[in-house]
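Here is what each chain is made of, one letter per residue.
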Amino acid sequence: MKKFLAIGLTVLTLAMLLSGCTAKKDGKVFKHGFDLDYPPYSYIDDNGEVGGFDVELCKAVCEYNGWTYEAVPFNWDAKDAELNAGNCDCIWSGFTRNGREDDYTWSMSYSDNTQMIMVPDGSDITTLADLAGKAVGVQTATSAYDLLQDSEEGQGELAATFSSLEIYDTYTIAFNDLQAGGIDAIAIDITSGNYLMSSTPGYHFLDEALGSEQYAIGFRKDDTELCEQVNTALQALVDNGTYDAIGQKYPEIYEFLCLKPATAE
Amino acid sequence: MTFGTMLSTMAGGMLKTVLLFVLTLVGSLPLGMLVVFLKKSKFKPIAWITDIYIAIMRGTPLMLQLLVWYFGPYYLFGMNIRGYKFPALLIGFIMNYAAYFAEIYRSGIDSMPVGQYEAAEILGYTKFQTFMRIILPQVIKRILPSVTNEVITLVKDTSLASALAYQEVFSLAKQISASQTSFMPFVIAGIFYFVANYLVAWIMNRIEKSMQYYK
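Residues numbered from 1 in each chain as written. Chains lettered and ligands numbered in written order. Predicted model: local features only at pLDDT ≥ 70, side-chain atom pairs only at ≥ 80, totals over all residues.

Chemist: Would you mind going over the overall build of chain B in detail, with residue names and values included?
Modeler: A tally of helices and strands in chain B yields eight helices and zero strands. If you list the helices and strands of chain B from N to C, you get α-α-α-α-α-α-α-α. Along the three orthogonal principal directions, the C-alpha set of chain B runs to about 70 × 50 × 25 Å. Scored against the burial criterion, the 215 residues of chain B give a buried share of 31%. Taking the intrachain contacts of chain B between residues at least 6 apart in sequence as the baseline, contacts between residues at least 24 apart amount to 75%. (Helix = DSSP H or I, 4+ residues; strand = E, 2+ residues; numbered from the N terminus. Buried ≥ 20, exposed ≤ 12 C-beta atoms within 10 Å, placed from the backbone. Contact = placed C-beta atoms within 7 Å.)

Encoded structure:
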């Protein structure tokens, strides 16, 4: 009896594996690599499904090109390993191109972004200089983190004046710590910061920005053809209004979307 | 970043890993023994509470426990948690590992034949003397391999401290790897962990050998 069960299970597993293979053969599968905890660009939405501006835009690109969309959520630290191993075709998750120009093949920039300092209302910090001697939080491997590490072109010298720079795995924990009073401020992208503040009042940005940059889609260096196909699709979606329509669903980032219809340029 | 800077930065992280590791052991090894006594308490409510404690410590992820220990005082009592990160980490690790060590100790104590207690009683040993002079030395000898397992796991579990922004060697490896787009930091971290665990295994092996007084 056990033997039959074992054989049956083996056959079943093989059949599942084979059917999995055949399913992938019809049409190209576009594997969208993103951080699952980076709202409003990519996150788990209220229905428990993958959502966000980047996810919706990527799905629209896939639909336009006739590709099958496949979500590949990863740990942000592991993005390069995932991309180079071929587990995903691109990194598309509020991904900053500035300072990484030579590391990837970049699509056109589809969103502007600025790094800001977020503090609780009533904080005595009003300028970047006031951050001296304060504890500041940041998420690892983000552009705000890179900016604070870079002493030549970034804000490394400013970071040296902090009493400590606390490096978190996600901004969610960093924001919890800011609420709990464990740290004084957070260095964060303006769009992610707006998203956090939209659900929790009582926080504001300093007027002075920490730095500014553009978001784009990063492909493997030799994937220029794929990048071109996505660029073409992106421009078409901008021209037919889809880009704008998706953007309007995300008011906290809408003003930063920087692609314009071809006729307007 | 040169290889030398990378290595020295990560060695700094390894020191923080070792610090957390040593302090956790110093706290949890004795605390585990206390937990066993509470669990074996004749006063049942204490035994029940200890059971619940062990069930929670073993039944939930350590990373979650660390977050609760750190943020708990603020969310429950509105306390100021400035500067409480490292104490919270220590409490989290010690409480968790004490539960595991307690179960290992219990397995050793329960494996002792009743005849030994009876013989000790007839020879006039008090309960305390019986435990300290007859039972405990045998228990330690029996449970050492299990304790070694747990200690080695602890070396690797310290990487969970990154949940509270503690810059131990693995979170440093992740950060350096991301900023340098290089896999090398992970290789270095792997070697650091391996060497540390090899050392732990070697020391524990020496202790085990020193206890084989009947061979």
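Chemist: Run through the overall build of chain A, naming residues and quoting values.
Modeler: The helix and strand tally for chain A stands at 10 helices and 13 strands. Judged by the C-alpha coordinates and their principal axes, chain A covers about 70 × 60 × 35 Å. For chain A, buried positions account for 41% of its 265 residues. In chain A, once contacts between residues fewer than 6 apart in sequence are set aside, the share between residues at least 24 apart is 76%.

Chemist: Give me the domain arrangement of chain A: which residues, what numbers.
Modeler: Residues and elements named next belong to chain A. Here chain A is partitioned into domain 1 (28-110 + 216-264) and domain 2 (114-213). Each of domain 1 and domain 2 has a C-alpha centre, and these two points are 25 Å apart. Listed per partner, the contact involves 13 residues of domain 1 and 13 residues of domain 2. Considered class by class, the residues forming the side of domain 1 that touches domain 2 number six nonpolar, four polar and three charged. (Domains from an automatic or database assignment. Nonpolar A, V, L, I, M, F, W, Y, C, P; charged D, E, K, R; others polar.)

Chemist: Give me the sheet that holds strand β4 (residues 68-74) of chain A: which residues, what numbers.
Modeler: Residue and element names in this part refer to chain A. Spatial ordering of the open sheet is given by β4-β1-β5-β13-β6, a layout of five strands whose pairing is mixed. Each edge of the open sheet carries a strand with a single partner, namely β4 and β6 (105-106). Relative to β4, strand β1 (residues 29-35) runs parallel, the two being bridged by seven bridges. Looking across to β4, one finds that Gly 33 is bridged to Val 72. (Pairing = 2+ DSSP bridges.)

Chemist: Describe the interface of chain B and chain A, naming the residues involved and giving the relevant values.
Modeler: Of the residues lining the interface, 17 residues belong to chain B; the matching set on chain A comes to 17 residues. Looking at the side of chain B that touches chain A, the elements with two or more residues in it are α3 (62-77) and α7 (169-180) of chain B. Considering every element that reaches the side of chain B that touches chain A, the biggest residue donor is α7(B), with five residues. Taken together, the residues of the side of chain B that touches chain A sort by class into seven nonpolar, seven polar and three charged.

Chemist: Lay out the confidence of the model for chain A with the relevant residues and their values.
Modeler: Looking at chain A, the pLDDT average stands at 87 and 90% of residues meet or exceed 70. Long-range and interchain partners of residues 20-26 of chain A, a stretch whose pLDDT sits below 50, account for one contact in this model, where long-range means more than four residues apart. (pLDDT = per-residue confidence, 0-100.)

Chemist: Give me the lowdown on helix α5 (residues 114-122) of chain B, citing residues and values where you can.
Modeler: Among the nine residues that make up α5(B), zero are buried, leaving the element largely open to the surroundings. Note on α5(B): the residue one or two positions beyond its end, B:Gly124, has a positive phi of about 90°.

Chemist: Which residues make up the packing of α5(B) against helix α6 (residues 127-157) of chain B, and what values go with them?
Modeler: Residues and elements named next belong to chain B. Two numbers describe how α5 lies on α6: the axes approach to 11 Å, and their chain directions differ by 130°. By the angle between their directions, the pair α5 and α6 is classed as oblique. For the element pair α5 and α6, the recorded crossing hand is right-handed. Each of Gln 116, Tyr 117 and Ala 120 in α5 lies in contact with α6, whose residues at this interface are Thr 130, Ile 134 and Ile 135. Here the residues of the contact of α5 with α6 sort into four nonpolar, two polar and no charged. (Axes fitted to C-alpha atoms, helices over the stretch in contact; angles between N-to-C directions. Parallel < 35°, antiparallel > 145°, perpendicular 65-115°, else oblique. Left-handed = near helix turned anticlockwise from the far one by under 90°.)

Chemist: Talk me through the confidence of the model for chain B; I want residue IDs and the actual numbers.
Modeler: This prediction gives chain B a mean pLDDT of 93; 100% of its residues lie at or above 70. Interface scoring of the predicted complex returns ipTM 0.80; its pTM is 0.76.

Chemist: Go over the packing of α3(B) against helix α4 (residues 85-110) of chain B, please, and point to the residues and values.
Modeler: In a packed pair of helices, the relevant descriptors are the angle between the two axes and the axis-to-axis distance. Residue and element names in this part refer to chain B. At a minimum axis separation of 9 Å, α3 and α4 run at an interaxial angle of 135°. Between α3 and α4, the interaxial angle falls into the category oblique. The hand of the α3/α4 crossing is right-handed. The segment α3 lies against α4, with Leu 62, Gln 65, Leu 66, Trp 69 and Tyr 70 engaging Lys 85, Ala 88, Leu 89, Ile 91, Gly 92 and Asn 96. In terms of residue class, the contact of α3 with α4 is built from seven nonpolar, three polar and one charged.

Chemist: So what about the environment of A:Asp45? Which residues, and what values?
Modeler: Structurally, A:Asp45 can be placed in the loop between β2 (43-44) and β3 (50-51). Considered as a pair, A:Asp45 and A:Trp92 are 47 residues apart in the sequence and their alpha carbons are 17 Å apart.

Chemist: Describe unusual backbone geometry, naming the residues involved and giving the relevant values.
Modeler: The general pattern is negative phi for most residues beyond glycine and trans for most peptide bonds. Looking along the chain, the bond that leaves A:Pro39 and enters A:Pro40 is cis, with omega of 0°. Within the element layout of this structure, A:Pro40 appears in the loop between β1 and β2. Notably, A:Ala141 is not glycine yet its phi reads approximately 60°, a positive angle. If you trace the backbone, A:Ala141 turns up in the loop between β8 (135-139) and α4 (143-149). Note on A:Ala141: 22 C-beta atoms within 10 Å, which makes it buried. Phi at B:Ala165 takes a positive value of approximately 60°, unusual for a residue other than glycine. Position of B:Ala165 relative to the elements: it lies in the loop between α6 and α7.

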